[in-house]
Amino acid sequence: ASTARRHLSTAQSLPPTYEKLFNKYSEVRRVLGKQRLTLAEKILYGHLHNVEESLLNNTDNGRSIRGRANLRLNPDRVNMQDASAQMALLQFMSCNLARPAIPASIHCDHLIVGYKGAEGDLEAGIQTNKEVFEFLESAARKYGMDFWPPGAGIIHQTVLENYALPGLMMLGTDSHSPNAGGLTTITIGVGGADAVEALVGAPWELKAPKILGVELTGKLNDWVSPKDVILRLAGELTVRGGTGSIIEYFGSGVETLSLTGKSTICNMFSQPAEVGATTSIFPYTDSSARYLEATSRSQAVRNIETLQKFPGSGADKDAYFRFSADEGAEYDQVIRIDLSTLEPHINGPFTPDLAIPLSKFKETVKDQQWPEKLSAGLIGSCTNSSYEDMTRVESLLKQAAAAGLKPSADFYITPGSEQIRATLERDGTLKTFEGAGGIVLSNACGPCIGQWKRKDGVEKGTPNAILTSYNRNFRGRNDGNPDTMNFLASPEIVTAMAFAGSTTFNPMTDVIKTPDGKDFRFSAPHGLEGPETPFEPGSESLRVLSQEADANTQVAISPTSERLAFLDPFPPFPGSDLSGLRVLVKITGKCTTDTISAAGPWLKYKGHLPNISTNTLNTAINAETGEVNAAYDLDGSKHTIPDLGQLWKDRGQEWLVVAEHNYGEGSAREHAALQPRYLGARIVLVKSFARIHETNLKKQGVVPLTFENEADFDKIAAGDQVATVGLYEMLQNGGKGTVQVKVTKDSGEEILIPTKHAVTKDQAGFILAGSALNLLSKGL
Ligand code: SF4
């Protein structure tokens, strides 16, 4: 009774999110007893839909759930960027709900090209993508979601400045969403379908992650920045090293980092690109409190103090909710980094985990015969445009200006948000950038996502080197040129090397000749953690549009649009086994989500399922003919795979594809499941699946089956007629039971092929309902 009373008084003094977190946490403590918890576990388990179901039924002591149990979680909010928000919103609209179950925001940032500079680029981007932005804004109005117009900022910076709060759990429809982990939130990058599940209020499932601890000690030296922590770690962990794990930082070195520095480190630990981690998180420190104050959130600081001081169930000190790991909490793996001995790193080209210490970079460039001329330096983006980053760069620019130097390579700056841009303008930093000949781009993704129109005349196919302070450097990532070698570094290193115009320049040791022939060496950069007066909000037209849901708003989609189309819910599963299906195509070799739904120029059709479906499997290899993108109708006529899919859809002929191993590997692209479903696929029968894609198929109502005997792959051919045996019964029994496929050849010969499936009870419900959304939206 006394515990209950104490909970009550906490509830009265805390905002609802913290009251909920605290009460869940108390339940977790009751179930797990004295089990030591990491910070990530406290926050994650504090968002369990049903604590006992997830923790008690799945574990003998709480520990064994890592990497095994399926957690059902209730996130606090969803943040969406403009490219992925389109399909997420179209799916949400198909549920016919008045508003989302949790707060959500839309950020227009990915579709703006970086070219001449902020003003002109923004206007051009708005004109090119007008219908998409109008659609997003009207949907935001109708459903009461926050809308950040083009130019307001990049999703992760805006979220950090406005929505991230210690202890929250958020989903973001972008892989660099973990950025907010710097401010002690659990923020996970997901696809649109997952985001919609959370928006309709359904618990969101996550395999209980392992916890990888990174202990930081010491303090960064003057040329070294938080970016170097992550560049060095990426080298150690590689792009797959963090898979299935949350990366949690701890140790005395954590206290020495600025809040924005912590976010930069979290930003790059994304799923699935840099180290493949689920997310990453830092404890709450003094710099976190300072950032909350500077971003006008003093009340949050007081709430956190109250939450951390409250004694919970009394005697046990772990009953306090602390934004740090319990003493003695165990990590599945620990990596140790002494910040005092860390040196700047440059990672690349073409992969973010090729980490090279600055002192070794010159010789590596020469050994590898990489271009010695540096063509461009680009700083900023969601990763590295904090006040601290920019003022440290400013200190270098001022030194160079005093020596009469200008950058020898093109130099671009992308502010992460209007707030940071306006504050830098007010404090004179932008003027310094412009004085140095830097081009300040709009507050949007631009060159970081291939939206970069180069001014230096470097043509596609020309090898050249660029340095960025961004987070990704896959081929073609910035300018679409696969021969652009893109290296990642801190903004300070990028800037100093842009002055030298050389990839072999080491700013810590080397000199540049000034116009009057003197040797100039940069002194180490220095900057301010944050502005001396609070951040400027900036232009009024670039602020958030925030309002209650307005049912009378018409969502703006033109019936003649080529980029957007309303989505009809998929029909439910028939009340019997499937019969009369035909094999559309039998595929050999790798079949990634990119093979199933290509990106590049197709991205502009992300909100138009019929149009984007015309790329379905268009790079798949026909196992029977060896041709790419070729399929044969029953009369022997040749078509492209998507054309035949569409022909069969029009004819009402449902189909399946047959393929080999690891079908659907690559990014978790939901279109790779939506498109086949739209064109009439009922089954995908393969030797093995990539796990996330297999789940995505089930969410869209497609049945993924694997061959019990791989050799049966040879028994089935394109055009064969297929029926299922036991599938309907298995679905009705919540995933229990076996399924066979009966293959009928043109000759009349029948072959029974045994298959395996991994359909759970929930997923059986999704398939029967036609899709996960059909079911989840009904349950509310
Ligand atoms: Fe993604 Fe780059 Fe935009 Fe950041 S700036 S959200 S990494 S595209």
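Residues numbered from 1 in each chain as written. Predicted model: local features only at pLDDT ≥ 70, side-chain atom pairs only at ≥ 80, totals over all residues. Heavy atoms only, no water.

Participant: Tell me about the overall build of the protein chain, and name the residues and values.
Facilitator: Broken down by element type, the protein chain carries 26 helices and 30 strands. Its C-alpha atoms give the protein chain a radius of gyration of 27 Å, within 12% of the compact-globule value 28 Å for 780 residues. Expressed along its principal axes, the backbone C-alpha trace of the protein chain runs to roughly 90 × 75 × 55 Å. Burial statistics for the protein chain: of 780 residues in total, 61% are counted as buried. (Helix = DSSP H or I, 4+ residues; strand = E, 2+ residues; numbered from the N terminus. Rg over C-alpha atoms; globule rule 2.2 N^0.38 Å. Buried < 20%, exposed > 50% of the residue type's maximum accessible area, 1.4 Å probe, protein only.)

Participant: Before we move on, could you go through the nonpolar core and cite the residues and values that matter?
Facilitator: Core analysis: the biggest nonpolar cluster contains 174 residues, and Tyr45, Met80, Met145, Phe522 and Tyr663 have the highest contact counts within it. If near-sequence neighbours (up to four positions away) are discounted, Tyr45 is found in contact with Val28, Leu32, Leu37, Leu55, Ile65 and Leu71. Membership of the second largest hydrophobic core comes to 26 residues, among which are Leu705, Met730, Leu731 and Ala764. (Core = buried A, V, L, I, M, F, W, Y, C linked by side-chain atoms within 4.5 Å. Contact = heavy atoms within 4.5 Å.)

Participant: With reference to specific residues and values, describe the pairing of strand S6 (residues 186–189).
Facilitator: The side-chain alternation of S6 yields two buried faces, one formed by Ile186 and Ile188 and the other by Thr187 and Gly189. As defined by bridge partners, strand S5 (residues 169–172) adjoins S6 across 4 bridges and the pair is classed as parallel. Paired with Leu171 across the bridge in S6 is Ile188. (Pairing = 2+ DSSP bridges.)

Participant: How would you sum up helix H23 (residues 691–699)? Please name residues and give values.
Facilitator: Those residues of H23 that fall on the buried side of the exposure criterion are His693, Glu694, Asn696, Leu697, Lys698 and Lys699. Immediately downstream of H23, the backbone of Gly701 shows phi near 85°, a positive value.

Participant: With reference to specific residues and values, describe unusual backbone geometry.
Facilitator: For the peptide bond that leads from Gly348 to Pro349, omega is 0°, which places it in the cis range. By the element assignment, Pro349 lies in the loop between strand S12 (345–347) and strand S13 (355–357). One non-glycine residue, Asn96, lies in the positive phi region at around 55°. By the element assignment, Asn96 lies in the loop between helix H5 (82–93) and strand S3 (104–107). At Leu617, a position not held by glycine, the phi torsion is positive, near 60°.

Participant: Which residues make up the packing of H5 against helix H7 (residues 130–143), and what are the values?
Facilitator: Running from amino to carboxyl end, H5 crosses H7 at an angle of 45°, the nearest separation of the two axes being 10 Å. For the element pair H5 / H7, the angle class is oblique. At the point where H5 passes H7, the crossing takes the left-handed sense. Between H5 and H7, the residues in contact are Asp82, Ala85, Gln86, Leu89, Leu90, Phe92 and Met93 and Val132, Phe133, Phe135, Leu136, Ala139 and Tyr143, respectively. For the contact of H5 with H7, the per-class residue count stands at 11 nonpolar, 1 polar and 1 charged. (Axes fitted to C-alpha atoms, helices over the stretch in contact; angles between N-to-C directions. Parallel < 35°, antiparallel > 145°, perpendicular 65-115°, else oblique. Left-handed = near helix turned anticlockwise from the far one by under 90°. Nonpolar A, V, L, I, M, F, W, Y, C, P; charged D, E, K, R; others polar.)

Participant: An account of the packing of helix H15 (residues 387–402) against helix H18 (residues 491–500) is needed here, citing residue identities and associated values.
Facilitator: One can describe the packing of H15 onto H18 by two numbers: an axis separation of 9 Å at closest approach and a directional angle of 25°. Judged by the angle between their axes, H15 and H18 are roughly parallel. For H15 against H18, the interelement crossing comes out right-handed. Residues Asp389, Arg392, Val393, Leu396, Leu397 and Ala400 of H15 touch H18, and the partners they reach there are Pro491, Glu492, Thr495 and Phe499. For the contact of H15 with H18, a count of residues per class yields 6 nonpolar, 1 polar and 3 charged.

Participant: Describe in detail the sheet that holds strand S11 (residues 333–338), supporting the description with residues and values.
Facilitator: Ordered in space as S10-S9-S8-S11, the 4 strands form an open sheet in which the pairing is parallel. For this open sheet the edge positions go to strand S10 (279–281) and S11, each flanked by a neighbour on one side alone. Shown here is a sheet whose adjacent strand axes are inclined to one another by a mean of 20°, direction ignored.

Participant: Quick one: what's the story with the environment of Phe499, residue by residue and with numbers?
Facilitator: Following the sequence through the fold, Phe499 ends up in helix H18. Spatially, the C-alpha atom of Phe499 lies 35 Å from that of Asn129, the residues being 370 residues apart in sequence. When residues no more than four places from it in sequence are discounted, the contact partners of Phe499 are Leu397, Ala400, Leu405, Lys406, Pro407, Ser408, Ile512 and Phe522.

Participant: Give a description of the sheet that holds S6 that names residues and reports values.
Facilitator: Taken in spatial order, the 5 strands of this open sheet run S4-S3-S2-S5-S6, and their pairing is parallel. The strands lining the two open edges of the sheet, one partner per strand, are strand S4 (146–148) and S6. Pairwise comparison of adjacent strand axes, ignoring direction, gives a mean angle of 20° for this sheet. Each of S3 and S4 touches H7; the most contacted strand, S4, lies at about 155° to it.

Participant: Explain the confidence of the model for the protein chain to me, using residue names and the numbers behind them.
Facilitator: Residues at a pLDDT of 70 or more form 95% of the protein chain, whose mean pLDDT is 93. Low pLDDT, under 50, characterises residues 1–5; the predicted model gives this stretch 1 contact beyond four residues in sequence or across chains. (pLDDT = per-residue confidence, 0-100.)

Participant: Which residues make up the pairing of S5, and what values do they have?
Facilitator: Neither face of S5 is exposed, since Met169 and Leu171 on one face and Met170 and Gly172 on the opposite face are all buried. Where strand S2 (residues 77–81) lies against S5, 3 bridges are found, and the strand directions are parallel. Bridge pairing in S5 places Arg77 opposite Met170.

Participant: Quick rundown of the packing of aromatic side chains? Include the residues and the values.
Facilitator: Evaluated as defined, the whole model comprises 20 aromatic pairs. Each residue in the set Tyr18, Tyr25, Tyr284, Phe321 and Phe323 is aromatic and connected to the rest through ring pairs, giving one cluster. Its guanidinium or amino end placed over the ring of Tyr163, Arg77 lies 3.7 Å from that ring's centre, counting from NZ or CZ. Seen from the ring of Phe713, Lys687 lies directly overhead, with NZ or CZ sitting 4.5 Å from the centre. (Phe/Tyr/Trp six-rings, centres within 6.5 Å; stacked < 30°, edge-to-face > 60°. Lys NZ or Arg CZ within 6 Å of the ring centre and 35° of its normal.)

Participant: I'd like to hear about the environment of Pro571, residue by residue, with values.
Facilitator: Tracing the sequence through the fold places Pro571 in the loop between strand S20 (519–520) and strand S21 (581–588). Given the relative accessible area of 49%, Pro571 is considered partly exposed. Sequence separation between Pro571 and Ser771 is 200 residues; the distance between their C-alpha atoms is 8.2 Å. Every residue in contact with Pro571, bar those within four places of it in the chain, is listed here: Arg677 and Gly770.

Participant: Tell me about H5, residues and numbers included.
Facilitator: The end-to-end C-alpha separation of H5 is 16 Å, in line with the 16 Å expected for 12 residues at 1.5 Å each. For H5, the complete set of buried residues consists of Asp82, Ala83, Ser84, Ala85, Gln86, Met87, Ala88, Leu89, Leu90, Gln91, Phe92 and Met93. Measuring from the backbone nitrogen of Ala83 back to the side-chain oxygen at the start of H5 gives 2.8 Å, which picks out Gln81 as the cap. (Expected span 1.5 Å × (residues − 1). Polar contact = N/O pair within 3.5 Å; in protein donor to acceptor, adjacent residues only side chain to side chain.)

Participant: So what's going on with the pattern of salt bridges? Which residues, and what values?
Facilitator: In a structure, side chains of opposite charge can pair up when their charged atoms sit close to one another. The final tally for this structure, using the stated rule, is 35 salt bridges. Close ionic contact of Arg29 with Asp326 constitutes a salt bridge, the shortest N to O distance being 2.5 Å. Here the residue Arg29 occupies a position in helix H2 (residues 16–32), and Asp326 occupies one in the loop between helix H13 (298–309) and S11, the gap between them amounting to 297 residues. Here Arg29 falls in the buried class, since its relative accessible area comes to 9%. What you see here is one network of salt bridges that share partners, running through Arg29, Lys42 and Asp326. (Salt bridge = Lys/Arg side-chain N within 4 Å of Asp/Glu carboxyl O.)

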